[in-house]
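# Results of the structural survey
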Amino acid sequence: MARWCYRHRLVVLLLWVGALFGLGAASSSAGTNYAEVFSLPDTDSKQAYDLMEKAFPERAGDTDTVVWKVEEGTVRDESVRSRIEPALKEIGAMKGVGEVTDPYGAQGAAQISKDGRIAYAQVTFAAQADAVPKDLVQNVVDTAQDAGGDGLQVELGGQAITRVQEPPTGTAEIVGVLAAAVVLFWAFGSVFAMLLPILVALFGVGTGLFSTQLISHVTNVPELASLLSTLIGLGVGIDYALFIVTRHRRGIQRGLDPEEAAVSALNTSGRAVLFAGGTVCIALAGMLVTNLRFLDGVVIGTSLTVVLSVLAAVTLLPALLGLLGHRVLSRRQRRRLAAQGPEVERASGLAARWSATVERRPRSVAALAVVLMAVLALPLLSLRLGTVDQGNDDASTTTKKAYDLLADGFGPGFNGPLQVVVNGDSGDSLVATIRETDGVAQAVSVPPANGVTVIQVVPTTSPQAEETDRLIDTLRDEVIPEAGVQAHVGGVTAVSKDFASVTADRLPYFIATIIGLGFVLLLIAFRSVVVPLTAALMNLIAAAASFGVLVAIFQWGWGLDLLGLGQEGPIAAFLPIIMLSLLFGLSMDYQVFLVSRMHEEWVHTKDNARAVRVGLAETSRVINSAALIMVCVFMAFVLSGDYGAAMAGVGLAAAVALDAFILRTALVPAAMHLLGSANWWLPAWLEKRLPHLAVEPKEEAASSQAPAAEGPASVVHGFVRTADGEPVPEAAVTLLSAGGRQLDRVTSLADGSYIVSVPGPGTYLLSTTAPSYGSRARHVVVGDGPLVCDVELAEGEVDAVN
């Protein structure tokens, strides 16, 4: 397929351009039909909502507030009432508004602050906030704020109002892409090579978002899906293309024709991309086990975007490589290739030196990495799931201003009232008991209807405070049972608490599912029990440390001022499910790219130390570059202005950075050095039963690479020396078949000489390794007689087997 796409590059490019613009036109004409289907079956807040919907259909929706404050006088002045009352009446007459409570009525005295300068009205919609049309909400906002001015401040707060206060989209994405472009140019040194991953990612994300918009017309897809699709699509799209382009450029530098280099890159890194994309989709599908139906649309949107990003990487990218040819290299690299010829395949520099350091001191490296991750994970012990409210909004928004006005005039609890819904007449005794309960500022009973009574309970603390959670538990576990009535505690704050509880209860099943599926995939791919076990453990460590960072920043408030994100609060209840899905998928990506190169070397040499050393030396730079791009993309969402998106961006950026820079670069290779050949252990009975799923290309038979004629046994001999000509004793010299089977292994003598036996003429692989030096591997062609092959080793150098 890679060869076909390379040779028919114009056709492939036109197909992708047509798909992008075609889907864009279709989605624009059809529009979007995002639906926020949020339901928590078998929870107390859901039962409260069902009772209210039955008895008060006009009050079953979310209740928002209109707040006003005067600079002089009181809100009771006729000059104020003459402006506010007509606006409230106009809002109450709008279709979709169930009821508007007027503070100027006989029962409205409690809606005016003690000093008389602040008042509020409650606007109850006929539906929940996510189902209220944005046009209706905007009309409410405009009508209310038109009454302000000249010493009268009018602001609005509530869940529905939040939807029309969302900042414009696109800024975070643009900043993320620009930051990724800088990293890519630093990694490649070529503008054309830099543009390739970005173009592939944009095509993948664009077609994914347009397709998701079309799918929203046939199934329930929340708006959250578009944000997460962009977040994950940009990250994986750029990363996948980066891995393939890096392999392609390396092939050209080794002397391959651009077409053969592209085919080779897709046949190696492209296979890993397909496998990695599959693991991300499986991790995202793990959200389905939570049985939270509103996440189904998120799974559909994000998984579709990942699939299209992978498809773009394996079809569009080879077509673009065909258009560029040698221009995928920088001008300096092209001049050096023309002047000096192909480069020897080796890994050197910082990556090779670090790889050698990990091999020499695996215990020290592993210990330091474990201690660092443990320290970062400590804040996780105080994790508290909850909800953020308007108090976390930007100071310039009307919701934040309304939140502050209500808190100043009536106390923080007014920003999240509770609703005790009684099936029957509650009686004055229950209302009196609730008023006497610690943490209750006010409790008012609404006249019953259809056998249902609603008691509005205002806590003394804010909706996201721990004391408010304890008050809900007290009402449910003590106050209501002692009253002997059938009642349920509802309201936005109670729904958020129940959501956090449901998430915490189902989180273990979710984690077990995605770890189990990841274990099975890696088991099949790498034919090893230890490799997937190591990956599962590393994923858990990365998750713990990243959530520790999240708690320290957003729950403890460390660095919030630097990020410009308001005040601390609980971690959003939806975040563990979303973040763990993406984290496990991306962690598996890096594990696949790292271990697949190690496994490729292991198949050739059966030398674990060499396999780990070469795999780390060759992949650490590209993995770190890919992780840096991910961090830039995710951190850019701090600029989105949305507190939840910023929290997800910071959490994912921390997770990717810790996973790539510490776990995959240090702890994983150190552990694999300590485990030795046990890394590749697989019971014989399991080997026979496992299906074959190759991440690397299938090894060609030795006969296809060697002359067909058979001859007598021969030898390969020579000397192992340093660059200065000094002999290297005790060097391990191994002769392997082209398929990777070890044929002979000897140790060089004091003068550096060696001799290995060869069964007959053909092409073989000669691998030389010395503990105090680097290693060297090369193909040798043996004829009818002995072959002289001297080997030169250099300290800190790692040769790779092609």
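Residues numbered from 1 in each chain as written. Predicted model: local features only at pLDDT ≥ 70, side-chain atom pairs only at ≥ 80, totals over all residues. Heavy atoms only, no water.

### Some words on the sheet that holds strand E9 (residues 452–459)
The cut-off we apply is this: A pair of strands is considered paired only if DSSP assigns at least 2 bridges between the two. Comment: elements are numbered from the N terminus, with helices defined as DSSP H or I runs of at least four residues and strands as E runs of at least two. For helices, the fitted axis covers only the stretch in contact; all axes are lines through C-alpha atoms, and the angles between them, taken along N-to-C directions, range from 0 to 180 degrees.
Spatially, E8-E9-E7-E10 is the arrangement adopted by the four strands of the open sheet, whose pairing is antiparallel. A single partner strand is all that each edge strand has here, and the edge strands are strand E8 (440–449) and strand E10 (487–490). Sheet twist, expressed as the mean angle between neighbouring strand axes with direction ignored, is 20°. One ladder, built from six bridges, connects strand E7 (residues 418–423) with E9; its direction is antiparallel. Across the sheet, Val-422 pairs through a bridge with Thr-453, a residue of E9.

### Points about the pattern of salt bridges
Using the following cut-off: We define a salt bridge as a side-chain nitrogen of Lys or Arg found within 4 Å of a carboxyl oxygen belonging to Asp or Glu.
Considering all chains together, one arrives at 17 salt bridges under this definition. With a shortest N-O distance of 2.9 Å, Glu-260 and Arg-3 are connected by a salt bridge. With Glu-260 in helix H10 (residues 258–285) and Arg-3 in helix H1 (residues 2–7), this residue pair connects regions lying 257 residues apart in the sequence. Here Arg-476 makes a salt bridge to Asp-44, at a shortest N to O gap of 2.9 Å.

### Some points on the nonpolar core
Cut-off, in case you're wondering: Among the buried residues, those of types Ala, Val, Leu, Ile, Met, Phe, Trp, Tyr and Cys that are joined through side-chain atoms within 4.5 Å form a nonpolar core. Type-normalised accessible area, obtained with a 1.4 Å probe on protein chains alone, sets the label of each residue: buried when under 20%, exposed when over 50%, and partly exposed for intermediate values. Whether two residues are in contact is decided by their heavy atoms: any pair within 4.5 Å suffices.
Counting 153 residues, the largest nonpolar core has Tyr-240, Met-287, Phe-554, Tyr-590 and Phe-634 as the members making the most contacts within it. At 20 residues, helix H23 (residues 643–675) tops the list of elements feeding residues into this core. Residues contacting Phe-554, with those up to four places away along its chain left out, are Leu-560, Leu-565, Glu-568, Gly-569, Ile-571, Tyr-643, Ala-646, Met-647 and Val-650. Membership of the second largest hydrophobic core comes to 32 residues, among which are Ile-84, Ala-87, Tyr-104 and Leu-136.

### Considerations on empty space enclosed by the protein
Rules: Buriedness of a pocket was judged along seven lines, with at least five required to meet protein on both sides within 12 Å; pockets are open sets of points on a 1 Å grid over the protein atoms alone, cavities are sets where a 1.4 Å probe fits but cannot get out, and lining residues have an atom within 4 Å of a point. Grid points are joined across faces, edges and corners, and a volume is the space filled by probe spheres set on the points. Residues are sorted three ways: Asp, Glu, Lys and Arg are charged, Ala, Val, Leu, Ile, Met, Phe, Trp, Tyr, Cys and Pro are nonpolar, and all the rest, Gly among them, are polar.
Following the criterion strictly, the structure yields five cavities of 30 Å³ or more and no others. Here the second largest cavity is characterised by a volume of approximately 110 Å³. The set of elements that each furnish at least two residues to the lining of the second largest cavity consists of H10, helix H18 (492–526), helix H19 (530–555) and helix H21 (575–605). Residue contributions to the lining of the second largest cavity peak at seven residues, all from H18. Considered class by class, the residues forming the lining of the second largest cavity number 13 nonpolar, three polar and no charged.

### Quick look at the confidence of the model for the protein chain
Definition in use: Note: pLDDT gives the predictor's confidence per residue, expressed from 0 to 100.
Per-residue confidence for the protein chain gives a mean pLDDT of 83, with 91% of residues at or over 70. Within the protein chain, no element has a lower average pLDDT than helix H25 (residues 702–705), which sits at 36, and none a higher one than helix H14 (residues 362–377), at 95. Below pLDDT 50 for its whole length, residues 699–711 participates in 18 contacts with residues either more than four positions away or in separate chains.

### Re the environment of Arg-778
As for its position among the elements, Arg-778 is in strand E17 (residues 775–782). A C-alpha to C-alpha distance of 35 Å links Arg-778 and Ala-536, two positions 242 residues apart in sequence. Filtering out sequence-adjacent residues up to four positions away, Arg-778 remains in contact with Tyr-764, Leu-765, Leu-766, Cys-789 and Asp-790.

### Considerations on helix H22 (residues 608–635)
For the record, the criterion: For a residue, the bend is simply the angle between two axes, fitted respectively to the seven-residue segment ending there and the seven-residue segment starting there. Polar contacts here mean pairs of N or O atoms no more than 3.5 Å apart (in protein, one a potential hydrogen donor and the other a potential acceptor; neighbouring residues in sequence count only if both atoms are side-chain atoms).
Approximately 40° is the largest bend angle found in H22, and it occurs at Thr-619. Across the 28 residues of H22, 22 count as buried, placing the element largely inside the fold. Of the residues flanking the start of H22, the one acting as N-cap is Asp-607, its side-chain oxygen 3.2 Å from the backbone nitrogen of Ala-609.

### Quick word on the packing of H19 against H23
Applied cut-off: If an angle is under 35 degrees, it is roughly parallel; if it is over 145, roughly antiparallel; if it lies from 65 to 115, roughly perpendicular; otherwise it is oblique. Each helix crossing is assigned a hand: it is left-handed if the near helix lies turned anticlockwise from the far helix by less than a right angle, otherwise right-handed if that turn is clockwise.
H23 packs onto H19 with a crossing angle of 140° between their chain directions and a minimal axis gap of 8 Å. Taken together, the axes of H19 and H23 are oblique relative to one another. Judged by the twist between their axes, the crossing of H19 over H23 is right-handed. Split into classes, the residues belonging to the contact of H19 with H23 amount to 20 nonpolar, four polar and two charged.

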